[in-house]
Amino acid sequence: MLHRRPSAQAWHWTLPACAWLAGLALLQQCRRLPSEAEFAAVVVALLAALAWSLRRPHPLAWVLVALLLAFAQGVWRSEARLAESLPEAWEARDVVLEGRIDSLPSAVLGQGGTPGWRFEFALDTARDLANEPASSTKLTLPSHLLLSWYAQPGEDAPALRAGERWRLTARLKRPHGLMNPHAFDYELWMFEQDLRATGVVRPGAMSRLNEAPWWSLDGLRQRLREALQKRVTDPSSAGLLAALSLGDQAAISRSDWALFRNTGIAHLVSISGLHVTMFAWAAQALVGWLWRRSGRLSLWLPTPMAARWLGVLAALLYALFSGWGVPSQRTVWMLFSIAALQSAGLRWPWPLSLLAACVIVTAVDPWAISQAGFWLSFAAVGLLMASGEESAAGQGVKAHLKEGLRSQWVATLGLAPLSLLFFQQISVVGLLANLIAIPWVSFVITPLALGGALLPGLWVWAEWCAQALMAYLRLLDGLPVAVWSLPVAPLWAQLAGLLGGAMLVLPLPWRLRACGLALLLPLLWPAPLRPGAGEFELLAADIGQGTAVLVRTATHDLLYDSGPQYAPGVDAGLRVLLPLLRAVGVERLDTLMLSHRDSDHVGGAASILAGLPVAALRSSLEPEHRLLVGSPPHTRCEAGQRWAWDGVQFEVLHPRAADYDQGLKSNALSCLLRISTAAGRSALLTGDIEAPQELALVARAAVASLRSNVLIVPHHGSKTSSTDSLLDAVAPQIAVVQSGYRNRFGHPAPPVLARYQAHGISLVNSPDCGAWQWRSADGGWTCQRELGRRYWHRRPRNLEAPDQVGPWADSEPGF
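Since the model is a prediction, treat every value here as computed from it, not as a measurement. Each chain has its residues counted from 1, running along the sequence as written. For a predicted model such as this one, the threshold for reporting local features is a pLDDT of at least 70, and the threshold for listing and counting side-chain atom pairs is 80 or more; totals across whole chains, interfaces and linings nevertheless cover every residue. Water and hydrogen atoms were dropped before computing side-chain values, which therefore reflect all heavy atoms in the structure.

This brings us to the overall build of the chain. Numbering goes from the N terminus for both helices and strands, where a helix is a DSSP run of H or I of at least four residues and a strand is a run of E of at least two. Assigned secondary structure in the chain consists of 29 helices and 26 strands. Computed over its C-alpha atoms, the radius of gyration of the chain comes to 29 Å, within 12% of the 28 Å expected for a compact globule of 815 residues. Expressed along its principal axes, the backbone C-alpha trace of the chain runs to roughly 95 × 70 × 60 Å. Pairs of residues are marked as contacts when any of their non-hydrogen atoms sit within 4.5 Å. Here the analysis covers contacts within the chain between residues at least 6 apart in sequence; of these, 69% occur between residues at least 24 apart. Each accessible area value is a Shrake-Rupley result obtained with a 1.4 Å probe; residue values ignore everything except the protein chains displayed when judging cover. Of the roughly 36500 Å² of accessible surface on the chain, 61% is carried by carbon and sulfur atoms. Only four residue types enter the charge count, namely Lys and Arg as positive and Asp and Glu as negative; His and the chain termini do not. Where a charge lies is defined by one atom per residue type, namely NZ (Lys), CZ (Arg), CG (Asp) and CD (Glu). When the 68 positive and 61 negative side-chain charges of the chain are each reduced to one mean point, those points stand 8 Å apart. Between the two quantities, the radius of gyration covers C-alpha atoms and the globule rule is 2.2 Å times the number of residues to the power 0.38.

Here it is in structure tokens:
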């Protein structure tokens, strides 16, 4: 086949391709989607730019067309997806659903260790339970749901299998994720996965309508998972093999995921872009080697083209077999577009080919551009392509080994800035881990895991190989400094770091590479902002139903409570607080104060103590409490305790020493902490005190000692707290409720809300606000759900907010 030489015209498509990506990136920054009039204006501008480009072709015209077309089609598709949202009126109501289990059910544990399943559900029909069976009126609900099904106490989890059709009763709600600075956006993930509602299956009448057909892919994957779990006895190995062959990432335990992240190979364990690409390249090399040995096949179809397309086919089959996840879809489209360009005889430079693949992938999935996996996948492939241009010409084993080592070095070093950008950590041992893990997983474990579908005996070999890999990773993870975590750097430092990382690994003169190292320094050593001397900041984290408040002064950090435990092995400390503390630059806690023993206040404490140095612990816990065993130096909270940090005063107001001997319940022993500055700004953190303790506190304390600008609402807004006496004595300008979205306790209670309104106190509720931050220096405060709001996020309800954080009404200007 004749190939055309690269021409300057090929590079003319670079700017329109970049404009396409810029249009989608612009859409993902919108706080809301355009109105009908605004969208009409975008379409008119698009048609005008298209007419200009057809009449007088000009690069700028095509740039405008690409930018506006990407934005407009993204808006149109986003509107269609948002239209499938669960109506608010149907939240927390029982509905009868009929449909198909659309994923491999993953085992989960509910509160109290109740076993259960989580699975995707493709909905066929839905009816109101209240009108069953008399009414046959069908409800219009989202077609794709994420459901959880927990066993009843004393029972086993129900047997669920992928591909089965069920009739069941569930209570649904709209997707709602915790909103904290620099945290994972759960609502964006749900939006991209087209999961427009979540729900819990209710006990009651339910039935399996039919099993998965024998020929269905879901049924085949389910049978293979069951066969693999029977054959492979080691849980860690079974989880790894299921993830690599079937895309069942939920089969990997949380401890193993932590091991993979710490050693920098998590991208290999998930069916990621790099993994699918490596699999396709391996298949391409094998097909090419075999194809060349047949003269007839080589004459019928040239070996390079056959190897190229069969490699893409292998990637497609692998992606389908492993669940056809979004990262796999992106990678298959990327490989397809590159193969199509090469087969068309377009000898485009690799950056342009990769850019074309980006356009095709984002045309299929406009929201991919917001995912870390998208950038990591394309960056990894681009780095490997760039490295390949400097490949050794020799064909011997030594030359291939040298080039393989160099590729691993390039990929590990080049992806480090992106890892810092997305995850605020890099694995120091990642190079050593990937040096063995990439070829071992890609060319040994994965083929054996897939081959076990035909020859189950191969799974035994795969288990041995997986155990050897796990032992090697645990050895690396045990080294003194296996992971390097850094605070989030400013935007300019992030951009400079990305440019510096690319300059270090690209085939450039060494002088330019040295400049790349200099550009990396602001990303590697950021200087987090802290309050000035004599001032403090509060950060009430969004942790669901519970309390966790970070107090920061110029050089000290205190964490008041640690949030709840969500399920066995999963708590707010591990999932929310440790990543948040590291992101804002907290390397150690000077004090961890646990107000009382309730699980929604101390549920994450064990994770905090294990994951971060803590200098001192203050609490009202009983001496024999498990958290005090081997803990840092402990001081029991008693009224009258005082200390000062950086000119900021801290005072414990409750409980009194005598309260510990009265047999009071844990809420009554909550540690009350008041923080104040010399300028008169203060905050009161109240735990779960109730009306009797509030009245006693007001009776014995001077009014001036209770006055505070900020009040963390007692007991999450329970009806048993927030008395008029306390509100009169404290007289806060703003009160903050830390509660869970649609929590079962009904916090904050309507009478309490009315009481705060009657006192003229602005009230902020964490489900509507997300993480709440307040500065004593100027009294200003912000809500993370407002600062980071995007069009896919749930709209806050009835939140009072000052002008400084922008309007909350749907009619806000701009998008």
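Salt-bridge detection follows one rule: a side-chain nitrogen of Lys or Arg within 4 Å of a carboxyl oxygen of Asp or Glu. Scanning the model with the defined rule gives 28 salt bridges in all. Across the pair Arg-208 and Glu-164 runs a salt bridge, and its minimum N-O distance is 3.1 Å. Remark: Glu-164 occurs in the loop between β4 (144–150) and β5 (165–173) and Arg-208 occurs in strand β7 (residues 207–210); sequence separation between them is 44 residues. Given the relative accessible area of 37%, Arg-208 is considered partly exposed. The exposure class assigned to Glu-164 is buried, which follows from its relative accessible area of 2%. One network of salt bridges, in which partners are shared, links Glu-88, Glu-91, Arg-174 and Arg-742. When a residue's accessible area, from a 1.4 Å probe over protein chains only, is under 20% of the maximum for its type it is buried; when over 50% it is exposed; and in between it is partly exposed.

A word on the packing of aromatic side chains. Here a pair means two rings of Phe, Tyr or Trp (six-membered ring of Trp) with centres within 6.5 Å. Their orientation is stacked below 30 degrees between planes, edge-to-face above 60, and tilted elsewhere. Enumeration according to the criterion identifies 18 aromatic pairs in this entry. Considering the side-chain rings of Trp-257 and Phe-260, the 6.2 Å spacing of their centres and the 85° angle between planes classify their relative orientation as edge-to-face. Remark: Phe-260 and Trp-257 occur in helix α8 (residues 254–262); sequence separation between them is 3 residues, near one turn of the helix. According to the relative accessible area criterion, Trp-257 is buried, its value standing at 18%. When the NZ atom of lysine or the CZ atom of arginine is within 6 Å of a ring's centre and also within 35 degrees of its normal, the charge is said to sit over that ring. The ring of Trp-643 carries the charged tip of Arg-618 above its face, separated from the ring centre by 4.1 Å.

Only strands that DSSP links by at least two bridges are regarded as paired with each other. Strand order across the open sheet formed by 7 strands is β18-β19-β20-β21-β22-β23-β24, with mixed pairing between neighbours. With partners counted over all chains shown, the strands left at the sheet margins are β18 (642–645) and β24 (762–765), one partner each. On average, adjacent strands in this sheet sit at an angle of 20° to one another, irrespective of strand direction. Bridging between strand β21 (residues 682–685) and strand β22 (residues 710–712) involves 3 bridges; their strand directions are parallel. The partner of Leu-685 across the bridge, within β22, is Ile-712. For helices, the axis comes from a line fit to the C-alpha atoms of the stretch in contact; other axes are also lines fit to C-alpha atoms, and the angle between any two N-to-C directions lies between 0 and 180 degrees.

We now examine the pairing of β24. Examined bridge by bridge, strand β23 (residues 734–737) and β24 share 4 bridges and lie parallel to one another. Counterpart to Ala-735 in the pairing with β24 is Leu-763. Think of it like this: strands point away, you trace from the first strand over the helix to the second, and a clockwise trace means the crossover is right-handed. With helix α27 (residues 750–758) bridging β23 and the parallel β24, this β-α-β connection has right-handed handedness.

Here strand β15 (residues 591–594) shows two buried faces, one formed by Thr-591 and Met-593 and the other by Leu-592 and Leu-594. Direction of pairing for strand β12 (residues 557–560) relative to β15: parallel, over a ladder of 3 bridges. Looking across to β15, one finds that Leu-558 is bridged to Thr-591. Where β15 lies against strand β16 (residues 617–619), 3 bridges are found, and the strand directions are parallel. By the bridge assignment, Met-593 is partnered in β16 with Arg-618.

Turning our attention to unusual backbone geometry. Cis peptide bonds are those with omega within 30 degrees of zero, and the linkage from His-654 to Pro-655 qualifies with 5°. At the junction of His-747 and Pro-748, the peptide bond is cis and its omega measures out at -10° in the coordinates. Examined against the element boundaries, Pro-748 turns out to sit in the loop between β23 and α27. Here His-715, not a glycine, exhibits a phi torsion of approximately 55°, which is positive. Here His-715 is to be found in the loop between β22 and α26 (724–730). For Ala-731, which is not glycine, the phi dihedral falls at a positive 50°. As for its position among the elements, Ala-731 is in the loop between α26 and β23. For Ala-731, a relative accessible area of 30% corresponds to the partly exposed category.

Our focus in this paragraph is helix α14 (residues 350–364). Compared with the 21 Å implied by 1.5 Å per residue over 15 residues, the 21 Å span of α14 between its first and last C-alpha is a close match. The complete set of buried residues in α14 reads Leu-352, Ser-353, Leu-354, Leu-355, Ala-356, Ala-357, Cys-358, Val-361 and Thr-362. For a helix, the expected span equals 1.5 Å multiplied by the residue count minus one.

Side chains of residues three or four places apart in an α-helix project in the same direction, reflecting 3.6 residues per turn. Taking 1.5 Å of rise per residue, the 12 residues of helix α7 (residues 235–246) would be expected to cover 16 Å, and the 16 Å separating its terminal C-alpha atoms lies within 8% of that figure. The buried fraction of α7 is high, at 11 of 12 residues. Where α7 ends, the next residue or the one after it, Gly-247, has phi of about 70°, a positive value.

On to the environment of His-716, then. The residue His-716 is located in the loop between β22 and α26 in this model. As for His-716 and Trp-510, which are separated by 206 residues in sequence, their C-alpha atoms are 59 Å apart. If near-sequence neighbours (up to four positions away) are discounted, His-716 is found in contact with Gln-545, Gly-546, Thr-547, Asp-600, His-601, Asp-688, Val-737, Gln-738, His-747 and Pro-748. Two N or O atoms count as a polar contact when they lie within 3.5 Å, although within protein this holds only if one can serve as hydrogen donor and the other as acceptor, and sequence-adjacent residues are included solely when both atoms are side-chain atoms. Side-chain polar atoms of His-716 contact the side chain of Asp-600, separated by 3.0 Å.

As a further point, take the sheet that holds β16. Whenever strands of a sheet pair, they do so through backbone hydrogen bonds, lying parallel or antiparallel. Taken in spatial order, the 8 strands line up as β17-β16-β15-β12-β11-β10-β25-β26 in an open sheet, and their pairing is mixed. Strand pairing shows two members of the sheet lacking a second neighbour, β17 (634–636) and β26 (781–783), which therefore form its edges. Strand-to-strand twist in this sheet, taken as the mean axis angle between neighbours without regard to direction, amounts to 15°. Bridge analysis of strand β10 (residues 537–540) against strand β11 (residues 549–552) gives 4 bridges, and the strand direction is antiparallel.

The next thing to look at is the packing of helix α6 (residues 217–231) against α7. Helix-helix packing: each pair is described by the crossing angle between the helix axes and the interaxial distance. For the pair α6 and α7, interaxial distance at closest approach is 10 Å and the crossing angle is 155°. Taken as axis vectors, α6 and α7 run roughly antiparallel relative to one another. Seen from above, α6 lies across α7 with right-handed handedness. Where α6 abuts α7, its residues Arg-221, Leu-224, Arg-225 and Leu-228 lie against Ala-238, Leu-241, Ala-242, Ser-245 and Leu-246. Each residue belonging to the contact of α6 with α7 can be placed in one class, and the counts come to 6 nonpolar, 1 polar and 2 charged. Convention used here: angles under 35 degrees read as roughly parallel, angles over 145 as roughly antiparallel, angles from 65 to 115 as roughly perpendicular, and any remaining angle as oblique. Here a crossing is taken to be left-handed if its near helix is turned anticlockwise relative to the far helix by less than a right angle, and right-handed if that turn runs clockwise. The residue classification treats Ala, Val, Leu, Ile, Met, Phe, Trp, Tyr, Cys and Pro as nonpolar and Asp, Glu, Lys and Arg as charged. All others, Gly included, are polar.

So far we have only geometry, and geometry alone does not tell us how the molecule works.
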